[in-house]
Amino acid sequence: MICTDVLRKGKQLCMVLQPASSPSRSNKKTDTTKVEYLYLHMGMTGSIQSPGRTIFWGHNNESPMAKRENKKKGGDSKEEETKEESKEEAEVFPPKYAYLTLQMGDYRAAFSDPRKFGKCELATNLDQMNELAPDALDDTVAAAQIIDSGKDSESDQDNTIATIIHNIANQSLGIKGLLLDQKRALSGVGNWVADEILYQIGMHPDQRFLTEVQAQELVVKLHDILKVAVECLEQRKAYPNDWLFLYRWSKAKAKTPQDCKGRNLTFLKSGGRTSAIVASLQKLKSTKRHAASIKANAKAAKAETSKKSQESKKDSKRKPAPETKAATKRQKKSENENDSATAAKATPRQPKQEQSATPSTVQRRRSPRLVSP
């Protein structure tokens, strides 16, 4: 198999693999029905390395925090040690924790992942790419121009930007959780990138029901941050000194970690991940829609309860209709007759008492008259 293309969407890499044509069939076209796709996902600590190249993460030794740490540990000795360690790592290939080695001619690369959150998978389709949301870098290139122009357009790029903004604005899910969901609004935003965006626009990670204007501002800032980050990594330069990225990792090293302006950092859980914020800058605000939604729900529940209560009271006090009244009367009469008949049957018949003989009612018999002979 040979690699004919490398695709990327969000954090997902995909190598397009096709069968190599044999020498005897060099004139024939390659069978495209046997195309396979090798998916690579870096997870949290995964990387692809080649001989003589070291990984660059965007840290530097020039930030205020790094200078303070360097000064405490003996000046420039720490920087020299770091360079020596990086040089030694570059000379070792394949690197430690390598799980896959790729080779094409004289070129080699290895996929390594110390914490094993990444993955490699061979598939026969691009379903894993298609199910992702629009790419946070490539699909937001013209976001600022489109938003500033304010004109409606039918182009695919304009429609994509409109879809992204629609999927971010007026959502009940906290904004950080929404950004970390790779299938909802955008793909390619990780934990520290989400924190950086929210820090630079002064928004709390649990903020909900963003307005359309807030969503537009977020998308523009997102693209700017990703663009600068990619440029820094390509040139092996550190990220700007005013980024939160250079200070958020000092949680365990400093008692009261601060940003570049000396503002205290706070760490909290949001979207299932640890978030670094400046509490004095990123305040959780109550939105009108959220408040209106809660008020409307409470009002509807109260109205429903009141309605049910009134109906039950009406049922208990409701007078029967004339026809119903007459029917009830007939029924009661019938019941009384039945009760009387039942009582009559149940009572035993009393025997008739004999009339007592009295002088007035009994005729006296005359004695026979004696006749002498």
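All figures in this text were calculated on a predicted structure; none of them were measured in a lab.

Parameters at a glance
Residues numbered from 1 in each chain as written. Predicted model: local features only at pLDDT ≥ 70, side-chain atom pairs only at ≥ 80, totals over all residues. Heavy atoms only, no water. Helix = DSSP H or I, 4+ residues; strand = E, 2+ residues; numbered from the N terminus. Buried < 20%, exposed > 50% of the residue type's maximum accessible area, 1.4 Å probe, protein only. Contact = heavy atoms within 4.5 Å. Areas by Shrake-Rupley, 256 points an atom, 1.4 Å probe, with all protein chains shown as cover. Salt bridge = Lys/Arg side-chain N within 4 Å of Asp/Glu carboxyl O. 1 Å grid on protein atoms, 1.4 Å probe; cavity = no way out; pocket = protein on both sides within 12 Å on 5 of 7 lines; lining within 4 Å. Points joined across faces, edges and corners; volume = space filled by probe spheres on them. Nonpolar A, V, L, I, M, F, W, Y, C, P; charged D, E, K, R; others polar. Axes fitted to C-alpha atoms, helices over the stretch in contact; angles between N-to-C directions. Parallel < 35°, antiparallel > 145°, perpendicular 65-115°, else oblique. Left-handed = near helix turned anticlockwise from the far one by under 90°. Pairing = 2+ DSSP bridges.

Asker: Can you tell me about the overall build of the protein chain, naming the residues and giving the values?
Answerer: Counting its secondary structure elements, the protein chain contains ten helices and nine strands. Taking all 373 residues of the protein chain together, 29% fall into the buried category. Long-range pairs, those at least 24 residues apart, make up 61% of the contacts in the protein chain with a sequence separation of at least 6. For the protein chain, the accessible area works out to roughly 26,500 Å², and carbon and sulfur atoms hold 50% of it.

Asker: Tell me what's going on with the pattern of salt bridges, and back it up with residues and numbers.
Answerer: A side chain of one charge can pair with a side chain of the opposite charge if their charged atoms are brought near each other. Tallying each qualifying case throughout the model produces seven salt bridges. One salt bridge connects Arg 248 with Asp 195, and the closest N-O pair in it is separated by 2.4 Å. Taken together, the residues Arg 248 in the loop between helix 8 (212-234) and strand 8 (266-270) and Asp 195 in helix 7 (residues 191-201) connect sequence positions 53 residues apart. The class of Asp 195 is buried, set by a relative accessible area of 2%. Two residues, Asp 259 and Arg 263, come together in a salt bridge whose shortest N-O distance is 2.9 Å. Overall, the relative accessible area of 25% leaves Arg 263 in the partly exposed class. Taken together, the salt bridges that share partners define one network made up of Arg 8, Asp 135 and Asp 138.

Asker: Give a detailed account of the layout of surface pockets, specifying residues and quantitative values.
Answerer: Take a probe with the size of a water molecule and roll it over the atoms, and the empty space left behind shows itself. If you add up the space inside the second largest pocket, you get close to 400 Å³. Cys 3, Met 15, Leu 102, Gln 103 and Met 104 are the residues nearest the centre of the second largest pocket, which is lined by 16 residues in total. Its residues assigned to classes, the lining of the second largest pocket shows 14 nonpolar, one polar and one charged.

Asker: Describe in detail the packing of helix 5 (residues 156-168) against helix 8, supporting the description with residues and values.
Answerer: Contact pair helix 5 / helix 8: the axes reach a minimum separation of 9 Å and the direction vectors enclose 120 degrees. For the element pair helix 5 / helix 8, the angle class is oblique. In this structure, the crossing between helix 5 and helix 8 has a hand that is right-handed. Residues Ile 164, Ile 165 and Ile 168 of helix 5 touch helix 8, and the partners they reach there are Glu 212, Ala 215, Gln 216, Leu 218 and Val 219. Split by residue class, the contact of helix 5 with helix 8 holds six nonpolar, one polar and one charged.

Asker: Tell me about the sheet that holds strand 7 (residues 119-123), residues and numbers included.
Answerer: If you trace the four strands from one edge of the open sheet to the other, you get 1-2-3-7, paired in antiparallel fashion. Edge strands, defined here as strands with exactly one partner in the open sheet, are strand 1 (2-9) and strand 7. Strand after strand, the sheet turns through a mean of 20 degrees between neighbouring axes, direction not considered.

Asker: Please set out the sheet that holds strand 6 (residues 107-112) residue by residue, giving values where relevant.
Answerer: Spatially, three strands are ordered 4-6-5 in an open sheet, and the strand pairing comes out antiparallel. Across the chains shown, the open sheet's two edge strands, defined by having one partner strand only, are strand 4 (47-49) and strand 5 (98-104). Neighbour to neighbour, the strand axes of the sheet diverge by 20 degrees on average, direction disregarded. Across six bridges, strand 5 lies against strand 6 in antiparallel orientation. Bridge pairing in strand 6 places Leu 102 opposite Ala 109.

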